[in-house]
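Examination of the molecular architecture
One letter stands for each residue in the lines below.
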Amino acid sequence: MKVLKFGGTSVGSAQCMKDVAKLICDGNRKIVVLSAMAGTTNTLVEISDYLYKKNTDGARETIGNLERKYNKVIDELYSTDEYKQKTLEVIKGCFDHIRSFTKDLFTLFEEKVILAQGELMSTAMMNNYLLEQGVKSVIIPALDYMRTDKNSEPDNQFIKNKLVSLLKESPDAEIYITQGYICRNAYGEIDNLQRGGSDYSASLIGAAINSEEIQIWTDIDGMHNNDPRFVENTKPVRFLQFEEAAELAYFGAKILHPTCVLPAKLNNIPVRLLNTMQPEAPGTLIYDHSSDGQIKAIAAKENITAIKIKSGRMLLAYGFLRKVFEIFESYQTSIDMVTTSEVGVSLTIDNTKHLQEILDDLRKFGTVTVDEDMVIICVVGDLEWNNVGFESEAVQAMKDIPVRMISYGGSNYNISFLVRREDKVKALRSLSHYLFENK
Ligand code: ADP
Ligand code: ASP
Ligand code: MG
């Protein structure tokens with residue numbers, strides 16, 4: 001059975017929901033994972049923010065506006081009074097629940113409950129629409145099977161056992177609808193898989209049922225060879241290896257959540273990226289195939305901090321790097337890029353929560369300098385070192401841009417440049433020009 005995930009824009013209006021319904025009703029049984037309607041999760045974050053700030057008027061007004069938007073969609077979506085009423089009741093229940101938090105103190109747990117309402121509403125709406133159309137559809141509640149363990153990692157065994165038994169309870173269903181993004185933690189509390197995490201839900205579900213294919217349906221025809229928000233004339237990449245897709249997702253290609261590739265790769269399940277607005281377009285297929293020696297795409301990851309530690313003690317010494325890395329480990333801060341020289345090491349982090357403590361500790365080992373607001377530009381492809389020439393092409397593209405660090409050889413799949421934020425777009429465009437347009 002295939003798993004199809006539809007993102008926020010794909011279910012962003014009554015018409016979009018109708019289009020998705022048409023697309024999924026092809027006679028094949030499937031699991032359909034839905035995000036919240038576009039903009040909803042952001043608005044729920046805004047509501048939570050008002051509640052933290054004890055601005056109940058702001059919260060109530062925002063809740064009211066969002067509820068009116070939903071009521072309008074319901075009015076357009078259903079043709080019968082029966083289903084309009086049924087759905088209005090469910091949605092009113094969700095909004096009353098959100099409103100109940102305007103009366104008391106607000107906790108972190110309650111924010112997660114509020115954030116969960118977006119996916120709970122979109123799935124209820126789609127399921128009712130399918131039922132109204134006479135489709136055998138059923139909701140498989142994510143909160144009943146999607147669970148993380150004490151380390152906030154997916155509890156794969158639990159997910160598999162529970163999901164399989166829930167699916168067995170509805171043997172006649174044609175469409176199983178479930179929520180992306182939301183889950184319960186090891187203590188049974190409502191939680192989520194981080195913003196954009198519906199992609200992760202889909203691949204965890206695909207892995208749990210050993211699906212033949214995971215499809216991520218969004219608003220663009222697959223992974224493009226550069227970020228279409230900043231570069232013109234980008235083109236879809238037809239095929240990617242799992243490793244290439246993982247690098248691109250990690251280094252900023254928003255179309256895929258960074259965590260989404262691993263479960264598919266581990267279980268060797270192909271992932272297809274498809275366009276809901278143009279379903280006939282071939283999109284991108286991510287699967288295990290042999291290398292082809294090509295540069296595939298470029299992505300950028302923002303909010304990077306570079307740290308350089310210079311020390312005479314590093315010269316001919318052993319154990320220096322271990323001591324440096326241990327400091328980052330002790331503050332649970334992961335490192336993205338590393339470059340070394342005879343007397344120093346430069347590295348980057350994106351989580352600056354413990355930056356001050358890290359810098360204090362590092363100063364015991366040498367002179368420390370920090371560059372904030374940097375961007376990693378990542379060129380991804382099958383860049384095995386015997387495929388000569390691509391590094392020089394990439395470096396050539398950066399000839400007019402100040403580059404703080406270059407990293408290559410960590411894997412066969414990427415070469416990364418660290419540049420200032422103000423040079424990001426120029427770097428992306430220049431790389432596209434040198435690597436793709438000249439070909
Ligand atoms: P969804 O809501 O369906 O999950 P997202 O907004 O998370 O969709 O991801 C799709 C968006 O990702 C596209 O609209 C596009 O602007 C952006 N994007 C960034 N980089 C890329 C890329 N390399 N290829 C395709 N889309 C990209
Ligand atoms: N609705 C969630 C978000 O906006 C999850 C998702 O769309 O993937 O982050
Ligand atoms: Mg997304």
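Above this text is the structure in question.
The text that follows walks through the structure, step by step, so that each part is easy to find. (Residues numbered from 1 in each chain as written. Chains lettered and ligands numbered in written order. Predicted model: local features only at pLDDT ≥ 70, side-chain atom pairs only at ≥ 80, totals over all residues. Heavy atoms only, no water.)

**Here we look at the sheet that holds strand β9 (residues 271–275)**
Sheet architecture is open: eight strands sit in the order β3-β4-β2-β1-β7-β9-β10-β8, paired in mixed fashion. Where the open sheet ends on each side, the last strands, each with one partner, are β3 (137–139) and β8 (239–240). Pairing of strand β1 (residues 2–6) with strand β2 (residues 30–34), which is carried by five bridges, proceeds in the parallel orientation. By the bridge assignment for β2, Lys 5 is matched with Val 33. (Pairing = 2+ DSSP bridges. Helix = DSSP H or I, 4+ residues; strand = E, 2+ residues; numbered from the N terminus.)

**Quick look at unusual backbone geometry**
For Asn 303, which is not glycine, the phi dihedral falls at a positive 55°. Of note, Asn 303 is situated in strand β11 (residues 295–310). Even without being glycine, Gln 332 reaches a positive phi, approximately 45°. Along the chain, Gln 332 falls in the loop between α11 (320–330) and β12 (335–340).

**A short note on the pairing of β12**
Here four bridges tie β12 to strand β13 (residues 344–349), and the two strands are oriented antiparallel to one another. Within the sheet, the bridge partner assigned to Thr 340 lies in β13 and is Val 345. Between β12 and β13, which pair antiparallel in sequence order, lie three residues.

**A short note on the nonpolar core**
Counting residues in each nonpolar core, the largest one holds 101 residues, and the members touching the most others are Phe 6, Met 125, Met 126, Tyr 145, Met 146 and Leu 256. If one sorts the elements of this core by residue count, helix α5 (residues 108–132) sits on top with nine residues. If we skip the residues at most four places from it in the chain, Met 125 touches Met 17, Met 37, Tyr 70, Val 73, Ile 74, Leu 77, Tyr 78, Thr 87 and Ile 91. Of all hydrophobic cores here, the second largest spans 21 residues; its members include Val 375, Ile 377, Val 379 and Val 419. (Core = buried A, V, L, I, M, F, W, Y, C linked by side-chain atoms within 4.5 Å. Buried < 20%, exposed > 50% of the residue type's maximum accessible area, 1.4 Å probe, protein only. Contact = heavy atoms within 4.5 Å.)

**Some details on the environment of Thr 367**
With respect to the helices and strands, the residue Thr 367 is situated in strand β14 (residues 367–381). Taking C-alpha positions, Thr 367 is 5.6 Å from Ile 309, a pair spaced 58 residues apart along the chain.

**Structural notes on the pairing of β11**
Burial analysis of β11 places twelve of its 16 residues in the buried class, the great majority of the element. Inspection of the sheet shows β11 paired to β14 by twelve bridges, in the antiparallel sense. Paired with Ile 307 across the bridge in β14 is Val 370. The pairing of β11 with β13 spans six bridges and is classified as antiparallel. Across the sheet, the residue bridging to Ala 306 is Thr 348, located in β13.

**Observations concerning the site of ligand 1**
Close contacts around ligand 1 come from 16 residues, with Lys 5, Thr 218, Asp 219, His 224 and Lys 254 the closest. Within the contact set of ligand 1, an oxygen atom lies 2.7 Å away from a side-chain nitrogen or oxygen of Lys 254. The backbone of Ile 255 places a nitrogen or oxygen atom 3.4 Å from an oxygen atom of ligand 1. Contact with the protein chains removes 86% of the 570 Å² of surface that ligand 1 exposes when unbound. The class makeup of the residues in the shell around ligand 1 is five nonpolar, six polar and five charged. (Near = heavy atom within 4 Å. Polar contact = N/O pair within 3.5 Å; in protein donor to acceptor, adjacent residues only side chain to side chain. Areas by Shrake-Rupley, 256 points an atom, 1.4 Å probe, with all protein chains shown as cover. Nonpolar A, V, L, I, M, F, W, Y, C, P; charged D, E, K, R; others polar.)

**Comments concerning the environment of Pro 171**
Looking at the secondary structure, you find Pro 171 in the loop between α7 (156–168) and β4 (175–179). Residue contacts for Pro 171: discarding those within four places in its chain leaves Arg 29 and Tyr 176.

**Some points on the site of ligand 2**
Around ligand 2, a shell composed of Ser 35, Ala 36, Thr 41, Glu 119, Tyr 181, Arg 195, Gly 196, Gly 197 and Ser 198 is seen. At 2.6 Å, a side-chain N or O of Glu 119 approaches a nitrogen atom of ligand 2. In this structure, an oxygen atom belonging to ligand 2 sits 2.8 Å away from a main-chain N or O atom of Gly 196. If ligand 2 stood free it would expose 260 Å²; the protein chains cover 86% of that surface. Split into classes, the residues belonging to the shell around ligand 2 amount to two nonpolar, five polar and two charged.

**Describing the pattern of salt bridges**
In this structure the tally under the stated criterion is 27 salt bridges. With its nearest N and O atoms 3.5 Å apart, the salt bridge here joins Asp 373 to Arg 421. Linking Asp 373 in strand β14 with Arg 421 in the loop between β16 (414–420) and α14 (424–437), this pair joins segments that are 48 residues apart in sequence. Taking relative accessible area as the criterion, Asp 373 reaches 35% and is therefore assigned partly exposed. Through salt bridges with shared partners, one network takes in Glu 67, Lys 92, Asp 96 and Arg 99. (Salt bridge = Lys/Arg side-chain N within 4 Å of Asp/Glu carboxyl O.)

**Here we look at α7**
Its 13 residues place the ends of α7 18 Å apart at the C-alpha level, agreeing with the 18 Å of an ideal helix rising 1.5 Å per residue. Among all positions of α7, only Ile 159, Leu 163, Leu 166 and Leu 167 are buried. The buried side chains of α7 occupy one side of the element, clustering within an arc of 95° when seen end-on. Looking at the buried residues of α7, the elements they touch are β2, α6 (142–145), β4 and α8 (198–208). (Expected span 1.5 Å × (residues − 1). Arc of directions from axis to C-beta.)

**Side note on the side chain of Thr 62**
Along the chain, Thr 62 falls in helix α3 (residues 56–77). Here the side chain of Thr 62 touches Gly 58 through a polar contact of 2.7 Å, landing on its backbone oxygen. Beyond its immediate sequence surroundings of up to four residues, Thr 62 is in contact with Thr 43, Glu 46, Ile 47 and Tyr 50.

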